[in-house]
Amino acid sequence: MAVIAGNWKMHMAPEEARAFFCAFQVDPVMADHEIVIFPPSVSLFTACECEYRDPRVQLGIQNLHWEDRGAFTGEISASMAVRAGANYALLGHSERRHVFGETDEQVALKVASALRHDLIPVVCVGETLEEREAGRVDEVILRQLDSALVSIPDPETRFLIAYEPVWAIGTGKTATPLDAAAAHGTLRGRLERAMGAATAARTEILYGGSVQPSNAAILLAACDVDGVLVGGASINPESFTEIARASG
Ligand code: 13P
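The structure contained in this document is the topic of the report that follows. The residue count restarts for each chain, going from 1 along the sequence in the order it is written. In keeping with the model being predicted, local features are shown solely for residues with a pLDDT of at least 70 and side-chain atom pairs are shown and tallied solely at 80 or more, while totals for entire chains, interfaces and linings include all residues. Note that water and hydrogens are dropped before the side-chain values are worked out from all heavy atoms of the structure.

Strands sit in the order β1-β2-β3-β4-β5-β6-β7-β8 around a closed barrel of eight strands; the barrel is parallel. Going from strand to strand, the sheet's axes swing by 25 degrees on average, the running direction of each strand aside. Bridging between strand β6 (residues 160–163) and strand β7 (residues 205–208) involves three bridges; their strand directions are parallel. Bridge assignment links tyrosine 163 to a residue of β7, and that residue is tyrosine 207. The strands touched by helix α11 (residues 237–245) are β1 (3–7), β2 (34–38) and β8 (227–230); relative to β1, the strand with the most contacts, the crossing angle is about 160 degrees. Here, strands pair whenever DSSP counts at least two bridges between them. Strands are runs of DSSP state E lasting at least two residues, helices are runs of H or I lasting at least four, and both sets are numbered from the N terminus onward. Axis definition: a line fitted to C-alpha atoms, over the contacting stretch in the case of helices. Angles run 0 to 180 degrees between N-to-C directions. By definition, residues are in contact when any of their heavy atoms lie within 4.5 Å.

Set out below in structure tokens:
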């Protein structure tokens, strides 16, 4: 069983979300996977209420603010996301970090807020090309992981990690299965030291970055890869179906 997640980013208005769920059906081949879609927040409630959506397809919010309410124009709180149908929260996505300047500390506040409202955090980590070329992959992803773990003191808490190398996102360049396995192994090793062997074994680590129908199976087969977080290929029901049918 793997986690197959789709991050729609700033795509898929409400009526497009409905059309997606009409076309995307869970079949027996993918029924063992945990399937999660992260629509843009304006489409979350529509996706939640959509009569075509198989209830086995779960929903998440792409970002949230750490306060529960207040004068934060344009922001959405964890409790609002829950009431609009989210079970998961994607936090610290590289576009949030690099385009919107989100810091490790803010990601940690968001993780704490998600957990207070029973959202399952999916904590994104990943290095830039410059950081990879400077041999700093482990340093960067462990720093990002460690700062999020400050908000997860209980080893029984369910959370997921998504390793998304920034240079592989939307570029058509995918990490090799060996690159992915190496980073995932590093992350799992840190989880084991920080939270114990049981938590490390149980916590799913997803790979994201140019996942396509053509490479999903080989990535899912890589050591320590427990699922995929798909961007561009998740907004098309046919390609997302093919990815969800792949297994490692
Ligand atoms: P792409 O699959 O479009 O590279 O996006 C990956 C991603 O950022 C998922 O969160």
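Read on, since the account is not over.
What makes a residue near a molecule or strand is one non-hydrogen atom of that residue sitting within 4 Å of it. Taken together, 13 residues sit near the ligand, with Lys9, His93, Gly170, Ser210 and Gly232 positioned nearest. Side-chain atoms alone can form a polar contact between residues adjacent in sequence; in general such a contact is a pair of N or O atoms within 3.5 Å, and within protein one must be able to donate a hydrogen while the other accepts it. In the model, an oxygen atom of the ligand is placed 2.9 Å from a nitrogen or oxygen of the glutamate 164 side chain. Between the ligand and serine 210, the relevant distance is 2.8 Å, taken from an oxygen atom to a main-chain nitrogen or oxygen of the residue. Accessible surface area values rest on a Shrake-Rupley calculation with a 1.4 Å probe, where residue burial reflects the displayed protein chains alone. Burial of the ligand by the protein amounts to 95% of the accessible area it has alone, namely 310 Å².

A few words on the packing of aromatic side chains. Between the rings of Phe, Tyr and Trp (Trp by its six-membered ring), a pair exists once the centres lie within 6.5 Å; its type follows the angle of the planes, with under 30 degrees stacked, over 60 edge-to-face, and the other angles tilted. Inspection of every chain in the model, using the stated rule, returns seven aromatic pairs. When the centroid spacing of 4.8 Å and the interplanar angle of 70 degrees are considered together, the rings of tryptophan 8 and phenylalanine 20 count as edge-to-face. You can see tryptophan 8 sitting in the loop between β1 and α1 (14–23) and its partner phenylalanine 20 sitting in helix α1, a full twelve residues away along the chain. Residue classification places tryptophan 8 among the buried residues on the basis of a relative accessible area of 0%. Judged by centre distance (5.3 Å) and plane angle (50 degrees), the ring pair of phenylalanine 24 and phenylalanine 240 falls under tilted. In this pair, phenylalanine 24 sits in the loop between α1 and β2 while phenylalanine 240 sits in helix α11, placing the two residues 216 residues apart along the sequence. A single burial state applies to phenylalanine 24 and to phenylalanine 240, both of which are buried. Through successive ring pairs, a cluster of aromatic residues spans Trp8, Phe20, Phe21, Phe24 and Phe240. Two conditions define a charge sitting above a ring: the NZ of Lys or the CZ of Arg must be within 6 Å of the ring centre, and it must be within 35 degrees of the ring normal. In this structure, arginine 96 is placed above the aromatic ring of phenylalanine 100, and the distance from its NZ or CZ to the ring centre is 4.2 Å. Only protein chains enter the accessibility calculation, which uses a 1.4 Å probe; a residue is then buried when its area is under 20% of its type maximum, exposed when over 50%, and partly exposed in between.

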